[in-house]
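Structural description and commentary
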Amino acid sequence: MSITLNVNATSREFYGDPDTPLLWVIREQLGLTGTKYGCGIAQCGACTVHVDGVPLRSCSAPVAAMTGRAITTIEGLASRVAKAVQKAWVDLDVVQCGYCQSGQIMSAVALLEKMPQASDEDIDHALAGNICRCATYQRIRAAIHVASERLASKEGA
Amino acid sequence: MSVTHAWLVVIVLAGAGASLAGADPLRSPQSFSSIGDQADRSRALFVEAGRALQHPRCLNCHPAGDRPTQKEDLHPHSPLVVRGLDNKGAIALRCATCHQAANFEPSGVPGHPLWHMAPREMAWQGKSLGEICEQIKDPRRNGGKTLTQIHEHLAHDTLVGWAWAPGGHREPAPGTQAQLGALIAAWIETGTVCPTR
Amino acid sequence: MIHALDPTQQALLARAIAAQRSDHDSDHDHGATFSRRDFLRSSGAAGLVLGFACLPACRALTGSAVNSPAPPVPAPFRPNAFVRVAPDSIVTIVCKHLEMGQGNTTGLATLVADELDADWSLVRTEYAPSDPKVYNNVFYGEMQITGGSTSIANSFMQMRLAGATARAMLVAAAANAWQVPAAEINTANSVLTHASGKRATYGEMAAAAGRLPVPKDVALKQPQRFTLIGKQKATPRVDSLSKCNGSAIYTIDVKLPGLLTAVAAFPPSFGARVISFDPAEAIRVPGVTDVVRVPEGVAVVGTGTWAVLKGRRALKVSWDESTSASLNSDAVLAQYRAQTQQPGAPFARPAENMPAPAPLAKTIEALYEFPFLAHAAMEPMNCVAWLHDGLLETWSGHQFTSLDHTLAARAANLPMDKVRLHTLMSGGSFGRRANFVSDYTVAAVNVAVAIKGRAPVRLQFMREDDTGAGMYRPMYVHAIKAGLDASGKLAGWQHTIVGQSIFAGTVLGSYTIKDGVDAMSVEGVFPSQYEIPQMRGDLHSPTLPVPPLWWRSVGNSHSAFVMETMMDELAAAAGKDPVAFRLALFAKGEKGERVAGVLKLVAEKGGWGAPLRSGVAQGIAVHECFGTFVAQLAEVSMPDGKVKVHRVVCAVDCGVPVNPDVIRAQMEGGVGFALSALYYGEIEIKAGRAVQRNFDRYKALRINEMPNVEVHIVASNHPPTGVGEPGVPPLAPAVANALARLGIPRVRRLPLARAGLVES
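Here's what I pulled together on the structure shown here.

Conventions adopted
- Residues numbered from 1 in each chain as written.
- Chains lettered and ligands numbered in written order.
- Predicted model: local features only at pLDDT ≥ 70, side-chain atom pairs only at ≥ 80, totals over all residues.
- Heavy atoms only, no water.
- Pairing = 2+ DSSP bridges.
- Helix = DSSP H or I, 4+ residues; strand = E, 2+ residues; numbered from the N terminus.
- Axes fitted to C-alpha atoms, helices over the stretch in contact; angles between N-to-C directions.
- 1 Å grid on protein atoms, 1.4 Å probe; cavity = no way out; pocket = protein on both sides within 12 Å on 5 of 7 lines; lining within 4 Å.
- Points joined across faces, edges and corners; volume = space filled by probe spheres on them.
- Nonpolar A, V, L, I, M, F, W, Y, C, P; charged D, E, K, R; others polar.
- Expected span 1.5 Å × (residues − 1).
- Buried < 20%, exposed > 50% of the residue type's maximum accessible area, 1.4 Å probe, protein only.

This next bit is on the sheet that holds strand β25 (residues 616–625) of chain C. All names here are of chain C. The sheet built from 4 strands is open, its strands ordered β25-β26-β27-β30 with mixed pairing. Because the sheet does not close on itself, it has two edges, and the strands there are β25 and β30 (708–713). Pairs of neighbouring strands in the sheet enclose a mean axial angle of 15°, with direction left out of account. In terms of strand pairing, strand β26 (residues 628–637) meets strand β27 (residues 644–653) through 9 bridges, oriented antiparallel. Directly across from valine 630, in β27, lies its bridge partner valine 652.

What follows is the structure, given as structure tokens:
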């Protein structure tokens with residue numbers, strides 16, 4: 001019995017336990033290691049992917065529930081918003097150890113896709129689920145604002 | 001033995017059989033028939049129903065403000081999550097970001113397809129049972145429901161029903177959803193009188 | 001972590017590490033192993049689908065993980081172990097330290113690239129193999145290790161020399177080729193030029209440079225000629241892009257042919273031992289290939305994480321907890337409190353020829369209690385180990401490389417030269433990845449040995465394993481009695497500290513413990529940045545079955561809180577401004593000037609004493625550690641009765657600031673890390689096990705709680721000192737001092753969540 005997954009716009013077949021958390025399917029069966037394991041209980045956000053554009057903690061969803069849904073991982077980000085976010089992250093040297101940053105970026109991209117003029121409070125509410133033990137939060141916030149401004153300025157990112 | 005005593009025996013025996021429920025069953029409506037005054041009986045039925053309504057499994061999603069609470073001690077949900085515009089969470093941190101269609105044992109996260117917060121007008125934390133009762137009856141604050149719809153919601157809605165199958169180490173609400181439904185039905189029949197406190 | 005060692009200490013240390021090699025640990029018990037094949041054979045279950053991966057053809061894989069970049073084109077120019085220049089002008093800098101987020105990869109590369117006059121965009125970095133003769137931490141003798149905030153400090157001259165040497169040889173090659181004096185050749189952005197119009201890229205000149213002898217004497221740049229060192233925007237982090245697009249490879253991401261994954265059933269309480277185990281249900285789980293006994297516990301091995309997690313749940317282990325299940329951290333704390341009343345090993349005594357102490361007009365007595373803290377890096381501990389062809393290869397975020405190498409060799413029963421360590425960037429550490437038993441490395445090797453090297457295997461700690469494993473910043477209790485004389489001057493100080501020694505019983509113990517005093521337990525108290533008259537200090541170093549470890553800033557993580565809150569309380573008792581009170585007390589000399597410098601700078605930049613909006617108070621603290629001086633000013637309010645830190649102003653003197661933006665980032669991160677611990681950090685132990693095992697209960701600071709941090713870096717020509725840890729110690733006392741100014745009674749038992757001052 002297989003489950004057909006749509007990951008980064010590519011169709012993939014998964015054979016195995018349908019209860020497998022999506023995280024391990026992404027990382028091990030599909031070999032996409034950008035999505036990370038940090039806690040396994042949806043507390044840290046390192047495992048965040050997009051499902052139909054909405055952030056999902058992939059450690060907390062069974063792969064069986066993903067049939068027919070569009071999954072995007074950090075490797076698959078390609079939109080104008082995503083490019084602006086990643087460029088702002090690099091320009092501001094947001095990262096330190098970097099392990100949480102795939103998840104942070106996924107959350108930030110989802111925020112700006114739906115709320116281009118996100119306020120500080122919107123940022124708080126959107127990223128409160130993403131832990132950074134290096135505490136790069138100040139730069140995360142600044143990078144989201146920079147990306148937002150650049151996207152609005154029509155110069156693009 | 002007295003009628004009351006007999007009913008107590010029935011209650012105990014019924015409780016022993018309710019193994020899928022919380023440790024404490026909810027009393028049946030019949031067990032209140034010894035209360036002669038209908039208004040008193042109505043109130044007492046709702047007080048019994050209140051054991052479920054005011055249980056942490058229900059209260060956690062009926063908070064006073066814009067943040068749900070968690071666990072048995074009703075502490076603020078960690079991480080910070082908020083109601084958002086549609087009671088389903090903030091942009092990019094939706095309830096469904098973590099809570100899936102069913103309880104997911106590997107992560108310990110509870111779930112239901114319609115996981116969300118009760119609207120602000122249905123806040124129960126910090127309210128007396130009497131105030132909760134008035135809220136439930138009031139169409140302006142109960143989502144425009146008729147009494148029949150109230151009963152239907154409490155007796156059959158599957159998100160409400162989650163409270164009795166919460167998964168993990170979470171204590172279920174007392175009794176069963178069916179027992180709650182029966183109490184609500186009886187409360188409606190007896191005139192939906194609210195406790196004074 | 002440890003400070004620089006003198007040559008005698010370095011020799012002692014090298015000998016201690018070497019001694020580990022010849023000890024054969026007879027406790028290794030690899031006898032009881034179950035492979036899936038054994039089980040199936042014994043149960044007669046022929047024809048079942050076997051879940052384990054096919055075995056790779058054995059061939060030596062001496063390079064890095066399969067999913068790392070292809071081996072570089074052989075570069076003709078390699079003047080030393082730290083830099084190579086390829087024909088395409090790509091400069092590869094070999095970094096001898098672990099990148100755990102603190103930005104030392106960028107820093108080490110900056111030092112080389114500046115002297116080399118390399119184009120920053122053509123700089124690449126890679127991590128050094130294990131070779132303490134070449135890649136040692138210069139401060140610690142022949143030992144390869146990252147820690148003590150020493151990466152840049154110990155490498156400053158060494159890396160600059162490496163880059164300058166390469167440049168000199170490229171210039172010499174050009175001088176030969178162009179028949180012009182070397183002094184007339186300019187270098188900039190990886191290009192050599194001459195006034196006559198001659199021009200060559202470094203790549204074009206690399207082969208010729210590679211044929212020249214390596215000069216012994218090379219001049220380094222004068223600071224005014226730096227192009228990268230100390231320049232604000234010149235050196236973006238070399239690892240930013242890969243960490244933003246999912247391509248960065250951490251230990252958890254390593255891919256190798258036939259790689260197996262393992263998780264271990266670790267002792268449920270500190271000191272518990274395996275009595276027996278039953279693998280029958282575990283081995284039946286599809287994907288599980290082996291269940292093996294290792295010294296650490298019982299490991300479940302298989303073809304993927306989910307399979308082995310299910311296998312571990314199905315595994316039955318019987319543990320002997322007869323001596324381990326009673327440990328209770330509250331009870332230990334009570335014992336510690338009692339011990340503060342007893343004399344201990346002296347760490348400070350008034351000099352004998354001091355005049356008689358002035359009579360004390362006011363005294364302040366205080367008892368401080370600090371909890372166990374887990375490092376809780378985002379990437380839980382892990383290591384990949386592969387035994388093949390008489391070799392052992394490991395892949396991990398090795399932080400204590402030399403000890404990891406030694407103990408891995410011992411575990412594999414191989415000579416050192418048959419063991420190759422591949423160091424990867426790690427998802428944080430805060431010190432966790434450097435410990436005296438190389439726990440995650442040795443455990444992975446033990447699993448590899450147990451499966452007889454059949455395949456490479458990654459041993460992965462799950463979050464609960466990581467948080468519950470011990471290796472905590474120990475609990476400490478400080479009891480202080482300090483006094484002022486009639487004129488309000490500090491006149492006496494009695495200080496007793498109780499807490500585990502990190503070094504006791506370890507390979508480094510005899511180096512750092514003198515007369516019963518572990519210098520790390522008292523650092524920040526003694527020696528002090530203050531001139532404290534009549535200081536008496538006693539230390540008790542109890543032992544517990546909970547393994548202790550550093551935690552970012554080590555002894556300073558508790559001592560600074562004590563010293564900097566006491567100073568504020570004494571200032572208040574003396575009726576003096578806290579800044580002025582401190583300025584009058586700093587020890588004389590260069591250190592005193594530098595600590596005063598950052599305190600004054602932070603007071604100025606933070607607007608100390610300026611009117612604030614109602615309900616907001618400022619608190620200040622200053623602390624020197626690992627040679628770096630940091631002062632912080634916190635602005636705090638208590639909306640709804642919960643602490644809110646709005647703003648932290650930070651002044652840092654770390655000598656020559658090699659990468660200003662990295663320094664700023666380390667101060668910002670240190671503030672957030674410290675605030676997280678101040679608010680929430682606590683590991684309680686009940687019935688011998690950690691109560692907090694994941695981020696639900698071992699809470700971490702989140703974005704909505706992060707203050708605005710402003711960092712001011714002191715311009716300096718002192719040799720650079722580190723910034724990985726020094727941003728941490730002053731934060732908690734600065735916040736606590738602000739809370740006191742808001743009228744909140746002093747909280748002396750951390751974390752603040754215990755006192756209900758933050759949400760919990």
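All names here are of chain C. Tallied over the full model, the rule gives 12 cavities of 30 Å³ or more. When its volume is computed, the largest cavity comes out at roughly 500 Å³. Along its surface, the largest cavity is lined by 38 residues, and Gln102, Ser149, Val723, Gly724 and Glu725 are the ones closest to its centre. When contributions to the lining of the largest cavity are tallied by element, the ones reaching two or more residues are α3 (104–116), α5 (151–178) and α19 (660–680). Per-element tally for the lining of the largest cavity: the top contributor is α19, with 3 residues. Partitioned by chemical class, the residues of the lining of the largest cavity number 16 nonpolar, 20 polar and 2 charged. Looking at the second largest cavity, its volume works out to about 160 Å³. At the level of elements, α16 (556–574) and α19 are the ones that each hand at least two residues to the lining of the second largest cavity. At 3 residues, α19 tops the list of elements feeding residues into the lining of the second largest cavity. Of the residues in the lining of the second largest cavity, the class split is 12 nonpolar, 1 polar and 1 charged.

This part is about α19 of chain C. Here α19 of chain C is 21 residues long and its end C-alpha atoms lie 30 Å apart, about the 30 Å a rise of 1.5 Å per residue gives. The buried fraction of α19 of chain C amounts to 20 of the 21 residues, a majority that puts the element mostly inside the structure.

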